[in-house]
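Per-entry structural report
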Amino acid sequence: VALSIGGCAARAHRGEPSAQGEPVHAEQAALARTYQVDPSESLLIVRVYRGGTLARAGHNHIVASHDLAGTVYVAKDLVRSSFELQLPVAALTVDEAELRAAQGADFAADVPDAAKEGTRRHMLGPAVLDAEHHPQITLRSQSLESDADRLMARVQIRIRDQVHVFTVPVSYTLAANELLAQGELALKQSDLGLVPFTALLGALQVQDEMQLQFRVVARSE
């Protein structure tokens, strides 16, 4: 199943080959408070849906990352804050029972182990995320804007050999030593440069649009 991670409330521009660069907002980081992401309390899930005339023969899937890492620099003026997060591709899971149970009726059906493993193998393989050659997905903030009680984050996502920029709505709670950021949004595989899985001349396929949900907990010493 073709799938990746990112967010797209509004697409900023098409992907292009990426290059290694310095972390964004380095000059601001020196003036901000540093928060380190806690992977044990952070979670990112993607809901992937079956499609096609033979959709009943397939399954909806939950792909998850429990291994988000990185740094958030929180400035006194919040819109001058920045972050950089990393997500190890090979650690992604498929259809954990507890996560499926929490996602409602669309994910109530049991998924055979063979289907889970086949989905994960295809996802990590060269046709999709190519974990062997591109072991990490990186998310860097470009800018933040205030929108009522949330932030609109312009985020640069490096996946495989391409860079894409999206605008992501983020709700947050900030305490003295802890930051909680969370949100939910729709994104398309094609917007990430990926091709949705299809078989039997399109009778069995994966829908292009996916649903992303994230919870990031970061702490400052």
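The preceding data block contains the structure.
Please read all numbers here as calculations on a predicted model, not as lab measurements. (Residues numbered from 1 in each chain as written. Predicted model: local features only at pLDDT ≥ 70, side-chain atom pairs only at ≥ 80, totals over all residues. Heavy atoms only, no water.)

Description of the overall build of the protein chain
Of the regular secondary structure elements, the protein chain holds three helices and 15 strands. Across the 221 residues that make up the protein chain, the buried fraction comes to 46%. Counted over contacts in the protein chain with a minimum sequence separation of 6, partners at least 24 positions apart contribute 71%. Accessible area for the protein chain stands at about 11,300 Å²; split by element, carbon and sulfur atoms hold 51% of it. (Helix = DSSP H or I, 4+ residues; strand = E, 2+ residues; numbered from the N terminus. Buried < 20%, exposed > 50% of the residue type's maximum accessible area, 1.4 Å probe, protein only. Contact = heavy atoms within 4.5 Å. Areas by Shrake-Rupley, 256 points an atom, 1.4 Å probe, with all protein chains shown as cover.)

Looking at the pairing of strand 11 (residues 162-174)
Two strands pair when backbone bridges link them, and strand 10 (residues 150-159) and strand 11 are joined in this way by ten bridges, in the antiparallel orientation. From the neighbouring strand, Leu 151 faces strand 11, where its bridge partner is Val 170. Taken together, the four bridges between strand 11 and strand 12 (residues 178-188) define a ladder with antiparallel strand orientation. Directly across from Tyr 172, in strand 12, lies its bridge partner Ala 181. Counted between consecutive antiparallel strands, the loop separating strand 11 from strand 12 contains three residues. (Pairing = 2+ DSSP bridges.)

Notes on the pattern of salt bridges
Any two side chains of opposite charge can pair if their charged atoms end up close together. Applying the stated criterion across every chain, the model contains eight salt bridges. One salt bridge in this structure joins Glu 41 and Arg 219, with 2.9 Å as the shortest N-O distance. Placement of the pair is Glu 41 in the loop between strand 2 (33-37) and strand 3 (43-48) and Arg 219 in strand 15 (residues 209-219), with a sequence separation of 178 residues. For Glu 41, a relative accessible area of 34% corresponds to the partly exposed category. The partly exposed category is assigned to Arg 219, whose relative accessible area is 32%. (Salt bridge = Lys/Arg side-chain N within 4 Å of Asp/Glu carboxyl O.)

The values are spatial; any link to function lies outside them.
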